[in-house]
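# Structural overview
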Amino acid sequence: MFDLQGIQKEMEALSRSADSILDPAINERMKMLSKGEIQGNGKKDFMQILLELMEQKDIGISVDLVKIKAILVDIIIGRRICAGLPLAEKMVMPILASLLHSFDWELPEGENVDLSEGFGLVIKKSKRLFAIPTTRLPHLDLYQ
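Parameters and conventions
Each chain has its residues counted from 1, running along the sequence as written. Thresholds applied to this predicted model are a pLDDT of at least 70 for local features of residues and 80 or more for the giving and counting of side-chain atom pairs; totals over whole chains, interfaces and linings are not thresholded and use all residues. The side-chain numbers reported here are obtained from all heavy atoms of the structure, hydrogens and water having been left aside. Strands here mean DSSP runs of E at least two residues long; helices mean DSSP runs of H or I at least four residues long; both are numbered from the N terminus. Here the term buried applies to any residue with accessible area under 20% of the maximum for its type, exposed to any over 50%, and partly exposed to those in between, with areas from a 1.4 Å probe on protein chains only. Residue contacts are counted whenever heavy atoms from the two residues lie within 4.5 Å of one another. Per-residue and other accessible areas were derived by the Shrake-Rupley procedure at a 1.4 Å probe size, with only the shown protein chains allowed to occlude residues. For patch building, the residue pool is restricted to those with more than 30% relative accessible area and no salt bridge; the joining distance is 9 Å between like charges and 5 Å between nonpolar side chains (Val, Leu, Ile, Met, Phe, Trp, Tyr). Salt bridges are defined by distance alone: a side-chain nitrogen of Lys or Arg within 4 Å of a carboxyl oxygen of Asp or Glu. Comment: arc refers to directions from the helix axis out to C-beta atoms. Side-chain atoms within 4.5 Å link the members of a nonpolar core, which is a set of buried Ala, Val, Leu, Ile, Met, Phe, Trp, Tyr and Cys residues.

So, about the overall build of the chain. Assigned secondary structure in the chain consists of four helices and two strands. Element order for the chain, N to C, with α for helix and β for strand: α-α-α-α-β-β. Taken over 144 residues, the chain has a buried fraction of 11%. The long-range share in the chain, meaning contacts at least 24 apart out of those at least 6 apart in sequence, stands at 45%. Just so you have it, the chain exposes about 12,600 Å², and 61% of that area is on carbon and sulfur atoms.

Another point: a nonpolar patch on the surface. There is a patch of nonpolar side chains on the surface, built from Leu87, Met91, Val92, Met93, Ile95, Leu96, Leu99, Leu100 and Trp105 and spanning about 890 Å² of accessible area. Considering each element in turn, the nonpolar patch owes the most residues, eight residues, to helix 4 (residues 85-102). Along the polypeptide, Trp105 turns up in strand 1 (residues 103-106). For Trp105, a relative accessible area of 40% corresponds to the partly exposed category.

A turn of α-helix holds 3.6 residues, and therefore any two residues three or four places apart point the same way. Residues of helix 2 (residues 46-55) that are buried: Met47, Gln48, Leu50, Leu51 and Met54. Along the axis of helix 2, the buried positions cluster into a sector of 165 degrees, meaning they face one direction only.

This part is about the nonpolar core. Within the largest apolar cluster, nine residues are counted, these being Leu22, Ile26, Met47, Leu50, Leu51, Met54, Val63, Ile68 and Leu72. Every element with two or more residues in this core is listed here: helix 1 (7-35), helix 2 and helix 3 (65-77). With four residues, helix 2 is the largest single contributor of residues to this core. With near-sequence residues (within four places) excluded, Ile68 lies in contact with Ile26, Leu50, Leu51, Met54 and Val63.

Structure (structure tokens):
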């Protein structure tokens, strides 16, 4: 089988990258469990539950490290959050472009654009931008 687009090579590289992140975390957790460093105070984290399922052979399902990694990657990348997320990511730019193109945008009188940024996990403006749209296209039926 030929990999003309390089997808298989790219997926193997991504798999190695994910393994380099997940393997140390799983190994450390397994060491902690085997040494008894994690006490069973009634509260278990998700990885601890998965590792305990892997040790149990009589439950009727087989759980191994590959399946644990697949579950963790699935949760980390967020595929289980929203089925429409890929569509939303693809549609944001065309919708924004359509809004910017279809209207003339003005600031309220006496307002200036403040480009200072706030501090946090993501960079956002210190002061929100407030703009007033006015119709630019000649006929209102073009907006439908």
